[in-house]
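Observations on chain architecture
This is what each chain is made of:
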Amino acid sequence: MPMLQIENAGIAYGNNVLFSGFNLLLNKGEIVSISGPSGCGKTSLLNAILGFVPLKEGRIILNGILLNKESVDKVRKQIAWIPQELALPLEWVRDMVQLPFGLKANRSTPFSESRLFACFEDLGLERELYDKRVNEISGGQRQRMMIAVASMIGKPLIIVDEPTSALDSGSSEKVISFFRKQAEKGSAVLTVSHDKRFADGCDRHIIMM
Amino acid sequence: METIDISYLSLGIGLLLLLIPLFYIWKFKTGLLHATVIGTVRMIVQLFFIGVYLNYLFLWDNPWINFLWVIVMIFVASQTALARTQLKRKILLLPISAGFLCSVVCVGLFFIGIVLQIEKVFSARYFIPIFGILMGNMLSSNVIALNAYYSGLKREQQLYRYLLGNGATRAEAQAPFIRQAIIKAFSPLIANISVMGLVAFPGTMIGQILGGSSPNVAIKYQMMIMVITFTASMLSLMITISLAYRKSFDAYGKLLSVMVEKKEHK
């Protein structure tokens, strides 16, 4: 069974059709990157998988569950999601990284500093960042921290919008290796990225027109 | 001990004190002069009217009329809350009315029937002032809390969606915004409680002492008034937020357009 199945999907805002007839099959352990010109609907597609944007046509099936009004909460429990330019209104890094672990859906994977620091190391982050204020860290550091958190909550599907937009090429490579590790553990990773180097490191690269 | 009446002439002289705040409001061009004058005139007229109809309510002392009066208070309070929060009528009117009604009835009757142990719980002398003080406090705290809750949800959409998108239940995703609403609405009340009797001499206590009660009785009433206003305000807020949920969010948990759209002036 594929982890994510998108069949003949289309999104439109009023008369403005972003895309139609989009198909995607994402398997366990696979990393897929989507790119395309601005406004073609990449972020809207990710938001549709999360149930935030309605499909005009087609359907989305996640881990065997058809996404609809009744199943949306169940579907979201299968996902670790990092939106584009995530800026949470929290003062301390420790509160930011621990936030999703307080949710009932994530209680089976309790937060552990040692696991977090192991992920920090893989992603080229220093431990000291954990005790800082959020406004004392850079956008790239924040991005990688949230990638670490997304991997730690152990969901079958990780969705990341622009994971390397604030990173240099060295850090981008660390992120792709990190995703590779998660994929080996069984998660599927779906990203939207304009970073060609990052896209080349994924199993598949889909270009939306 | 008898209460000293204030003659109308003395009242007029007393009201002259308002010239001091009005002068500074005008001097610093705050734009509040008109609102203050209108507000003061409304207060004077409304209180005179209240004086008249409270006399009649006490005279009749009819439970049905007293309860009808509470319904009128709830209707006026709900309309005021709608105007001050700028939230859509179809979203807030029923939830806030239900919140006010349930809280004022439960907490008010608990105080009159169980704490004061008055047999005639609908007796106008207790029923009207107790329900009135509860309504006033619930209205002000609900307006602050609802403004904070909905403006927080609008401003911090990313936080709300991040939580939902990472498996939060609807209640978990709303929790940070309810937390902020409670902090904003109840911090002044909590601060007030902690300095009560030291920095602030509250209205009920002063009223009772001026009315001839002993300080021992007055402090007990004051304690209970603080407790019942706190409880009723919190209860009504929670009822309002729970009941407003279905019309504030769609089936996918997305926040709908909750504010009244302002018409643009050409």
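Residues numbered from 1 in each chain as written. Chains lettered and ligands numbered in written order. Predicted model: local features only at pLDDT ≥ 70, side-chain atom pairs only at ≥ 80, totals over all residues.

Attention now moves to the overall build of chain A. For chain A, the helix and strand inventory stands at 7 helices and 9 strands. Taken against the 2.2 N^0.38 rule, which gives 17 Å for 209 residues, the C-alpha radius of gyration of chain A at 17 Å falls within 12% of a compact globule. With respect to the principal axes defined by its C-alpha atoms, chain A has extents near 50 × 35 × 30 Å. Within the span of chain A, comprising 209 residues, buried residues form 40% of the whole. (Helix = DSSP H or I, 4+ residues; strand = E, 2+ residues; numbered from the N terminus. Rg over C-alpha atoms; globule rule 2.2 N^0.38 Å. Buried ≥ 20, exposed ≤ 12 C-beta atoms within 10 Å, placed from the backbone.)

In this section: the sheet that holds strand 5 (residues 65-66) of chain A. The strands making up a sheet associate through hydrogen bonds between their backbones, and the pairing can be parallel or antiparallel. Residues and elements named next belong to chain A. Strands sit in the order 2-1-4-5 across an open sheet of 4 strands; the sheet is antiparallel. The strands lining the two open edges of the sheet, one partner per strand, are strand 2 (16-26) and strand 5. The sheet contact formed by strand 1 (residues 4-13) and strand 4 (residues 57-62) spans 5 bridges and is antiparallel. Across the sheet, residue glutamine 5 finds its bridge partner in strand 4, namely isoleucine 61. Where helix 1 (residues 42-49) meets the sheet, its contacts fall on strand 1, strand 2 and strand 4, and the angle it forms with strand 1 comes to roughly 120°. (Pairing = 2+ DSSP bridges. Contact = placed C-beta atoms within 7 Å. Axes fitted to C-alpha atoms, helices over the stretch in contact; angles between N-to-C directions.)

For the rest of this paragraph, the subject is the interface of chain A and chain B. Taken together, the contact pairs 22 residues of chain A with 16 residues of chain B. The set of elements that each furnish at least two residues to the side of chain A that touches chain B consists of helix 2 (72-76) and strand 6 (79-82) of chain A. A class-by-class count of the residues in the side of chain A that touches chain B yields 15 nonpolar, 2 polar and 5 charged. (Nonpolar A, V, L, I, M, F, W, Y, C, P; charged D, E, K, R; others polar.)

A word on unusual backbone geometry. Positive phi, close to 45°, is recorded for B:Lys29, a residue that is not glycine. Tracing the chain through its elements places B:Lys29 in the loop between helix 2 (19-27) and helix 3 (33-60).

All names here are of chain A. Taken together, the 5 strands give an open sheet; going across it, the order is 6-7-8-3-9, and neighbouring strands pair in parallel fashion. Every other strand in the sheet has two partners, leaving strand 6 and strand 9 (204-207) as the edge strands with one partner each. Neighbour-to-neighbour, the strand axes of this sheet turn through a mean angle of 15°, independent of strand direction. Relative to strand 8 (residues 188-192), strand 7 (residues 157-161) runs parallel, the two sharing 5 bridges. Looking across to strand 8, one finds that leucine 157 is bridged to alanine 188. Here helix 1 sits on the sheet in contact with strand 3 (31-35), strand 7 and strand 8, set at roughly 150° to strand 7.

Attention now moves to the pairing of strand 6 of chain A. Residues and elements named next belong to chain A. Of the two faces of strand 6, the one carrying Ile79 and Trp81 and the one carrying Ala80 and Ile82 are both buried. With 4 bridges connecting them, strand 6 and strand 7 associate as parallel partners. Bridge pairing links tryptophan 81 to isoleucine 159 in strand 7.

Residue and element names in this part refer to chain B. The domains assigned to chain B are domain 1 (7-60) and domain 2 (62-248). Of note, the centres of domain 1 and domain 2, computed from C-alpha atoms alone, are 25 Å apart. On the side of domain 2, 7 residues touch domain 1, which itself brings 4 residues to the contact. Looking at the side of domain 1 that touches domain 2 residue by residue, the class counts come to 4 nonpolar, no polar and no charged. (Domains from an automatic or database assignment.)

Quick look at the confidence of the model for chain B now. Residues and elements named next belong to chain B. A residue-level look at chain B finds 97% of positions with pLDDT of 70 or above and a mean pLDDT of 91. When the elements of chain B are averaged for pLDDT, helix 9 (residues 203-210) gives the smallest value, 81, and helix 2 the largest, 96. Here the complex is predicted with pTM 0.86, and the ipTM for its interfaces comes to 0.94. (pLDDT = per-residue confidence, 0-100.)

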